[in-house]
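Architecture and fold: a report
Here are the chains, one letter per residue:
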Amino acid sequence: MEWTGARYADKPTVEVATWINAPLERVWTLVSDVSLMPAMSEELQSVTWLDGATEPAVGARFVGRSRHEAYGEWETTSHVIEYEPPRVFAWAVQDPAHPSAVWRYRFAPKDGGTELSQWMQMGPGRSGLSFAIDAMPEKEQKIVFVRMREFERNITITLEHIKKLAEA
């Protein structure tokens, strides 16, 4: 990731894509099963559907529990905001009108397999990172850059796990 000088209020984004030698439906089934995500993530520890939901649908909610060496442990409630099988699956973290983050997977058939991308947007709502920025406002751009670089690395790892599962 290149230095952008982005601030939190800029709602910085990162996206990573990969090609998977597996049918779109197989990749979709793996990604839309959020219970598999903790096994593919260094931060996300568990996911629990809320309100009796057992699978994604627009408006469905789930709690994610995460852990990071520098930020400790936390949990967030995510709201499914896009669910168009087998094209897009996205959720907003915390307040869907003013999320602390938005995460999105996009799927497309390509060359006999599947092109899968994972995208995330930081902000505009406050998150745990906001406390670090509050404490060191003069370092905001560096804090944002370091966290976005971590997200890029973690997304790459997640996509590698999905690829391995789908191609098995």
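Located above this text is the structure these notes cover.
My aim in this report is to walk through the structure given alongside it, one point at a time. Within every chain, residues take consecutive numbers counted from 1 along the sequence as written. Side-chain atom pairs in this predicted model are given and counted only at pLDDT of 80 or more, local residue features only at pLDDT of at least 70, and totals for whole chains, interfaces and linings cover all residues. Where side-chain values are given, they derive from all heavy atoms of the structure, hydrogens and water being excluded.

Attention now moves to the layout of surface pockets. Roughly 860 Å³ of volume is contained in the largest pocket. Contributing to the lining of the largest pocket are 34 residues, with Glu43, Ser66, Trp74, Trp103 and Phe151 lying nearest its centre. Secondary structure elements follow DSSP: runs of H or I no shorter than four residues count as helices, runs of E no shorter than two count as strands, and numbering proceeds from the N terminus. Of all elements in the fold, only β2 (44–49), β3 (61–68), β4 (72–84), β5 (88–93), β6 (101–110), β7 (113–122), α2 (128–135) and α3 (140–167) reach the threshold of two or more residues within the lining of the largest pocket. The element contributing the most residues to the lining of the largest pocket is α3, with 5 residues. The distinction between a cavity and a pocket rests on a 1 Å grid over the protein atoms alone: a 1.4 Å probe fits inside a cavity but cannot get out, while a pocket stays open yet meets protein on both sides within 12 Å along at least five of seven lines, and a residue with an atom within 4 Å of a point counts as lining. Grid points are joined across faces, edges and corners, and a volume is the space filled by probe spheres set on the points.

Turning our attention to the packing of aromatic side chains. In summary, the pairing rule links any two rings of Phe, Tyr or Trp, Trp by its six-membered ring, whose centres are within 6.5 Å, and it sorts them by plane angle into stacked for under 30 degrees, edge-to-face for over 60 and tilted for everything else. The final tally for this structure, using the stated rule, is 9 aromatic pairs. Here Phe62 and Trp91 contribute two aromatic rings whose centre-to-centre distance is 5.7 Å and whose plane-to-plane angle is 70°, an arrangement assigned as edge-to-face. In this pair, Phe62 is assigned in strand β3 and Trp91 in strand β5, connecting sequence segments 29 residues apart. Only protein chains enter the area calculation, which uses a 1.4 Å probe; residues under 20% of their type maximum are buried, those over 50% are exposed, and those in between are partly exposed. Here Phe62 falls in the buried class, since its relative accessible area comes to 5%. The buried category is assigned to Trp91, whose relative accessible area is 10%. Members of the aromatic cluster, connected to one another through ring pairs, are Trp28, Trp49, Phe62, Tyr83, Phe89, Trp91, Tyr105 and Phe107. Our definition puts a charge over a ring when NZ of Lys or CZ of Arg is within 6 Å of the ring centre and also within 35 degrees of the ring normal. Of note, Arg126 hangs over the ring of Phe131, and the distance from its end group to the ring centre comes to 5.4 Å.

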